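Structural characterization, general
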Protein chains: 2
Amino acid sequence: MFQAVTKTLSVASTTYVCRGILLGIRHYCKKTPTKLRVSQALSGADLGANVKVQGWVRSVRPQKANVFLHVNDGSSLQPLQVVADLSSPLVFLSLRLLTFGSAVEVTGSLKKSPHKKQPVELEADQITVIGECNPVDFPFKIKERHGLEYIRQFPHLRCRTNAFSSLLRIRSEATTAVHSYFRENDFVQIHTPIITSNDCEGAGELFQVEPSGPEIVEDEYFFSVPAFLTVSGQLHLEVISGAFSRVYTFGPTFRAENSQSRRHLAEFYMVEAEISFTESIEDLTKVMEDMFKSATEHVLAHCVEDVDLFHKHIFSFCFHKDTVDAMMKSSFPVITYTEAVDILNRSSEKFTFPTDWGCDLKTEHEKYLVKHCGNAPVFVTDYPYDLKPFYARDNQDHPERTAAAVDLLVPGVGELCGGSLREERLDLLSARLEEYLDLRRFGSVPHGGFGLGFERYLQCILGVDNIKDVIPFPRFSHSCLL
Amino acid sequence: MFQAVTKTLSVASTTYVCRGILLGIRHYCKKTPTKLRVSQALSGADLGANVKVQGWVRSVRPQKANVFLHVNDGSSLQPLQVVADLSSPLVFLSLRLLTFGSAVEVTGSLKKSPHKKQPVELEADQITVIGECNPVDFPFKIKERHGLEYIRQFPHLRCRTNAFSSLLRIRSEATTAVHSYFRENDFVQIHTPIITSNDCEGAGELFQVEPSGPEIVEDEYFFSVPAFLTVSGQLHLEVISGAFSRVYTFGPTFRAENSQSRRHLAEFYMVEAEISFTESIEDLTKVMEDMFKSATEHVLAHCVEDVDLFHKHIFSFCFHKDTVDAMMKSSFPVITYTEAVDILNRSSEKFTFPTDWGCDLKTEHEKYLVKHCGNAPVFVTDYPYDLKPFYARDNQDHPERTAAAVDLLVPGVGELCGGSLREERLDLLSARLEEYLDLRRFGSVPHGGFGLGFERYLQCILGVDNIKDVIPFPRFSHSCLL
């Protein structure tokens, strides 16, 4: 194996040194050519001679007189068609280097294409193979459609596939969209810490952090205290929300769950917001719904082709573009937990888990509720007090005691967001947790917040079944590739 | 101590229950008032009656007939002036609740202010104290200017100070600015992982990650292999740059350095970019310089008052607004390492560390070079090959072998960015590191990238001496508060 690798190495190096393997030279332009990205070339705004495009070959079709290439550089799903004259003997001799996956630099004239399939094509004066790719070793084959599961085995190469490069562009745009929403609504972004001495929800599944090397000695912690990877930025947002009435954070969070499910990762991204001077749970549901719609509208508008690829060819849920369009138009209904339990109990569906008042809503219940509400997102509010964490605000209702908490359930995914008004009343809180107290001593105000699972959001709008397919480098138990 | 806390608790709770402690009622408006953030109120666009503002009291000045408050909600440095009529007996009785740090809700009429200090003021019809604050316990005192070092002791309260809330707004805006720069220049944002099985630079100081609880057993790693917190997203960006010619990442990175210095944190933010099809080091310096200027221009334009506070009152470097303005206007000079060493050797300055060719540039050298270049940012390129990591591209020059690496040195801080063209030639690389090889097998192209320390960037443009003062929750050896 190592033999094979070094052999390929030296070939590639030779290629680089004689960077002048030219295919189909028509004329040599002395003027520096205009560098264009593929997306710019496709826009048709820069028709003319002496244009340079660099990218990776996505297809090669030699025909009678010409060779046709598709070149992609990550700037768009659609590749640029390149046409090169085969009559040059150099083309004939070097054709074997122009393989699927190889990297090329093409200079030529950008012209309107005579074909309907693409708006423009690049008539090559010069093609240089900058990086070779041995198609025998390359795990993706030309013209073959590889399943997401197959692709996932090659973390260092999956960005070379159409599906995953579309995902990366969508993820980048969705990130921009989330930030834009909060900025336009006057939220300040806070970089909440990854390493924390606090375990937030008292959740068991924490990763601990210590310098690698010698064994950890109890009284010699690096930070003097045990330190963990954050499971939520909420506490730190709450700190800042004591002076800023609107704050948010968007970053990675961690759970050491020993799970191989399609729904869980050890490292995943969360959008979390905290709002001060809240008066009711509607102060939260409004922001959740607005953010969902604003971000989705942005993604749909900016990633038309990429989203289309998912909706037409890759989605694994039983829905597609129409479901997303319907979500955007509907006003998300709000039902209480008590109403939700009533709906479940009145249904003819046989559930595996119980549906008595006080039960935790399981995925099967969440999916039923979403379907019941017309396959649209639905808010469920006022959960039993005992189901929610210590910081959720006590509704002080009787006889069934509930907390001012809310979950947003969406098609295909189930729970997308979870939030609550926070208990700002020190005496009520002190009964539950001593640690949290000092945050409430100085000008404590009613506030609330929520978190949205960013991968679940992408699954929801794209219809992707497995969470590992919407994150660049998935981490889960027994897997940390690269 | 705990006694005191619970006592305060019950007072606060009482306050909440009788949320109607009204100060200076003139008339009671039945119509729902228009909620304004302080920044909106200050803009003067919403003059008129029945306006509601919520925030924290930053100053209280009772005078003959009126009480004057300054209210801040984090949306701007400038507070809103509130004027309330003292003739109401309720004001007189409840004045003691209106303390520095307490949270209030004020309804009234927004009017042009007769004073020059502020554009508008809010004539209160109703003031409700929503959260009390005992000024005796509160660590910050009205009208006192607290040093950054003092403030740092109260991680859960430092956002209540002017200096730190300005910093948080600037940091949020600078984050937006960095993302905007890359988006406008067609870079795709990649969420590179925090947990990695790779140690990137082979740097020693890594944090290891395992689920907390039972001791780690060698063959039972959670991820099946040892896993660490990332020290750089470079490797993962390089992976993606095999299909996307422009990518970047912006997130936390980690070093388990046992350092208490003003320059180091265990958790800090890095902006990293990777560009494919590079032809020379200028492909990198151009992006570094453009990004620096574009982000700084955005921050200066959007945070005028906040930046002013730093430049006028808080800066600790020997420079201020003029230095920043000069940086923005200068074209950053580029010198080679060899030229830099010549400059150092020709100078009359006595350096602690040696300045022979081959030496590492220390902070004292970096600061001298910056001063030598007119107190402006300066690029140093082509470092000795042996000083740079294995992936830096060999310049193959003689007799002094150098690598195509570049650092950006800036006033006050020293090294702000470091980057290099990456060694894309498999045979040269294979001599150095086996692991890295598979990335170069399939369509490998010349590429390069760099990283910018985001905290150092903020220190540089604001003139802040200690890195702990430009991050919301600093983590360093022996300290992980909250």
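Look up a bit, the structure's there.
Rules used throughout
Residues numbered from 1 in each chain as written. Chains lettered and ligands numbered in written order. Predicted model: local features only at pLDDT ≥ 70, side-chain atom pairs only at ≥ 80, totals over all residues. Heavy atoms only, no water. Contact = heavy atoms within 4.5 Å. Buried area = accessible area lost by both parts, 1.4 Å probe. Salt bridge = Lys/Arg side-chain N within 4 Å of Asp/Glu carboxyl O. Polar contact = N/O pair within 3.5 Å; in protein donor to acceptor, adjacent residues only side chain to side chain. Helix = DSSP H or I, 4+ residues; strand = E, 2+ residues; numbered from the N terminus. Nonpolar A, V, L, I, M, F, W, Y, C, P; charged D, E, K, R; others polar. Pairing = 2+ DSSP bridges. Least-squares fit on C-alpha atoms with pLDDT ≥ 70 in both. Phe/Tyr/Trp six-rings, centres within 6.5 Å; stacked < 30°, edge-to-face > 60°. Buried < 20%, exposed > 50% of the residue type's maximum accessible area, 1.4 Å probe, protein only. Lys NZ or Arg CZ within 6 Å of the ring centre and 35° of its normal.

1. Examining the interface of chain B and chain A
Chain B puts 125 residues into the contact, and the matching count from chain A is 124 residues. At the boundary of chain B with chain A, total buried surface from both sides reaches about 10000 Å², with 62% on carbon and sulfur atoms. Taken together, the connections running from chain B to chain A amount to 6 salt bridges. The residue R37 of chain B makes a salt bridge to D186 of chain A at a minimum N-O spacing of 3.2 Å. Our count for the contact surface shared by chain B and chain A stands at 31 residue pairs in polar contact (both at pLDDT 80 or more). Among the elements that take part in the side of chain B that touches chain A, helix α5 (residues 162-184) of chain B stands out by supplying 10 residues, more than any other. Across the side of chain B that touches chain A, the residue classes break down as 55 nonpolar, 43 polar and 27 charged. Summarising the sheet, strand β9 (residues 207-211) of chain A and strand β9 (residues 207-211) of chain B pair through 5 bridges and their orientation is antiparallel. Considered in β9 of chain B, the bridge of P211 of chain A is made with F207 of chain B.

2. What to know about the relation of the copies chain B and chain A
The two copies are related by a screw operation: chain B maps onto chain A through 180 degrees of rotation and 0.0 Å of translation along the axis, at an RMSD of 0.0 Å. The relationship between the two copies is best expressed as a two-fold rotation axis. Every residue of chain B has its C-alpha some distance from the rotation axis, and the shortest such distance is that of V209 of chain B, at 2.5 Å. A shared binding surface is used by both copies, with 99% of the interface residues of chain B retained as interface residues in chain A.

3. Regarding the packing of aromatic side chains
Taken as a whole, this structure holds 44 aromatic pairs over all chains when the rule is applied. With a centroid separation of 5.6 Å and 85 degrees between ring planes, the pair formed by F140 of chain B and F154 of chain B is classed as edge-to-face. One end of the pair, F140 of chain B, is in the loop between β6 (120-131) and α4 (148-152); the other, F154 of chain B, is in the loop between α4 and α5, with 14 residues separating them in the sequence. We note that F140 of chain B, like F154 of chain B, is buried. When the ring centre of F353 of chain A is taken as origin, the NZ or CZ atom of K362 of chain A, which lies over that ring, is 4.9 Å away. The ring of Y269 of chain B has R171 of chain B lying over it, and the distance from NZ or CZ to the ring centre is 5.1 Å.

So far we have only geometry, and geometry alone does not tell us how the molecule works.
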